[in-house]
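Spelled out, the chains give:
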Amino acid sequence: MEQYIYKNHKKLRYGYTTGSCAAGAAKAAAAMLLSGKEVSDVELMTPKGIRLRLEVLDIRREPEAVSCAIRKDGGDDPDVTNGILVYARVSRRSDGEASRPAGGSESALPSGSDAVAPPAGSAASALPDEDRIRIDGGAGVGRVTKPGLEQPVGAAAINSIPRRMIRENLLELCERYGYGGGLDVVISIPEGEALAAKTFNPRLGIVGGISVLGTSGIVEPMSEQALIDTIRVEMRQKLAGGMEYLLVVPGNYGIDFLGRYGHGLKLEDAVKCSNFVGEALDAAVEFGAKGVLLIGHIGKFVKLAGGIMNTHSHNADARMELLTVHAALLGAPVETLRRMMECVTTDDALKYLEESGLTGPVMERLMERMEFYVSQRVQNRLELGVVTFSNVYGVLGQTARVPDLVEKIGRQSL
């Protein structure tokens, strides 16, 4: 792609999703199957409204099927799937539901010298669209084994938007070429099983390969939405698996701390929310959770005391200001406040609070503010608890409902 976006003063190139690759490959294979002509590239309109022209690779013909591939281009987004081939094999229905197509216009598609005329005959289809275009996953496409994901247990991990793109494009081709029967589409990704270990799929219960994803069809470089979507999927899956109370941590510090914190909390029950605390709380409300226990390092969670729900430093960084102002309100010496404001890490600032004997009182105030802001975010529709800690000083503070939520989360894991 040659379309760009500017982020953090950098010019970054857009890419396209595995879902667009699957839809493009399926469209090209179906066009070759129904027209009998070779297709060297294929046009695809994405849900974002950006039209792609994709090169068609590795064309393979069978008597009643055609397969081909599209190469994934992730643009300037760091993506383990960049450069992989996504295959689609499209075949006429072999169960008697299919009928032969009539000759139709071929002018809209490139043709090769080995083109042959489509078979004669025509029939109107009485099949619903879902049965007429059947979509499944082959080698390297994951299979859903746990409830709570977008697709049901047992289905190929091909999300709804790619499925819709495939179905709409193939139905259009059926109409163009007068084909009234059904088509079977199998999407495969030869490198998918090896790549799956580098993704969240094993954690989510998707086995045997990667997922075919994409809500817009386009990869936006450094997109936050992809991370938020992953958080939402994992959260929804926990709730579908029977959990009513969720354990949420920002990242590896929180996961490591859980091992020391104990109290019956299990690492596998935790949902990692990265910097998106606010979005995680929103999703918990949307999906019907009863409560959320947030456990995080003071370096991130002190920001919650200022109402900052995206804790990435590019979004906001008021760590020292928040620690210092609450220390000032409790009468800390000016020299202590000055030294705190000059600190680089919260652990360094806590050292000066310790020397002044103010760690406990300051943390009590901060926990009150954290509780206030997270409760405001969810409009008191969840039972909420917050625990914050330091790698140096251990647990620094917790809100009033933490013991009750710890018990409820532990009990539902039995």
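Residues numbered from 1 in each chain as written. Predicted model: local features only at pLDDT ≥ 70, side-chain atom pairs only at ≥ 80, totals over all residues. Heavy atoms only, no water.

Caption draft 1: Structural view of the side chain of N169. Relative to the assigned elements, N169 resides in helix α3 (residues 160-176). Look past the residues within four positions of N169 in its chain and what remains in contact with it is K27 and L44. (Helix = DSSP H or I, 4+ residues; strand = E, 2+ residues; numbered from the N terminus. Contact = heavy atoms within 4.5 Å.)

Caption draft 2: Just the environment of I298, in detail. Residue placement: I298 occurs in helix α9 (residues 298-301). Accessibility expressed as a relative area gives 0% for I298, which makes it buried. In sequence terms I298 and G397 are 99 residues apart; their C-alpha atoms lie 9.5 Å from each other. Residues within four places of I298 in sequence aside, it is in contact with T346, L350, M363, M370, T388, F389, S390 and L396. (Buried < 20%, exposed > 50% of the residue type's maximum accessible area, 1.4 Å probe, protein only.)

Caption draft 3: Fine view of the packing of aromatic side chains. For the coordinates displayed, the defined rule picks out three aromatic pairs. A centroid spacing of 5.0 Å and a plane angle of 75 degrees characterise the contact between F372 and Y373, whose relative ring orientation is edge-to-face. An aromatic cluster of at least three residues, connected via ring pairs, comprises F257, Y261 and F389. (Phe/Tyr/Trp six-rings, centres within 6.5 Å; stacked < 30°, edge-to-face > 60°.)

Caption draft 4: View of the packing of helix α11 (residues 334-341) against helix α12 (residues 346-356). With their axes 8 Å apart at the nearest point, α11 and α12 run at an angle of 165 degrees to one another. Regarding the angle of α11 to α12, the classification is roughly antiparallel. Judged by the sense of rotation from one axis to the other, the crossing of α11 with α12 is right-handed. The residues of α12 that touch α11, namely those facing T336, R339 and M340, are A349, Y352, L353 and S356. Looking at the contact of α11 with α12, its residues break down into four nonpolar, two polar and one charged. (Axes fitted to C-alpha atoms, helices over the stretch in contact; angles between N-to-C directions. Parallel < 35°, antiparallel > 145°, perpendicular 65-115°, else oblique. Left-handed = near helix turned anticlockwise from the far one by under 90°. Nonpolar A, V, L, I, M, F, W, Y, C, P; charged D, E, K, R; others polar.)

Caption draft 5: Expanded view of α12. Among all positions of α12, only T346, D347, A349, L350, Y352 and L353 are buried. Following α12 by one or two positions, G357 has its phi on the positive side, about 70 degrees.

Caption draft 6: Structural view of the sheet that holds strand β6 (residues 57-62). Reading across the sheet, the five strands line up as β6-β7-β8-β12-β9 and stay open at both edges, with mixed pairing between neighbours. Of all the strands in the sheet, just β6 and β9 (133-137) have a single pairing partner and so form its edges. The mean inter-strand angle of the sheet, taken between neighbouring strand axes irrespective of direction, is 15 degrees. Sheet topology places β9 next to strand β12 (residues 183-188); five bridges connect them, and they run parallel. The residue bridging R134 from the neighbouring strand is D184, located in β12. (Pairing = 2+ DSSP bridges.)

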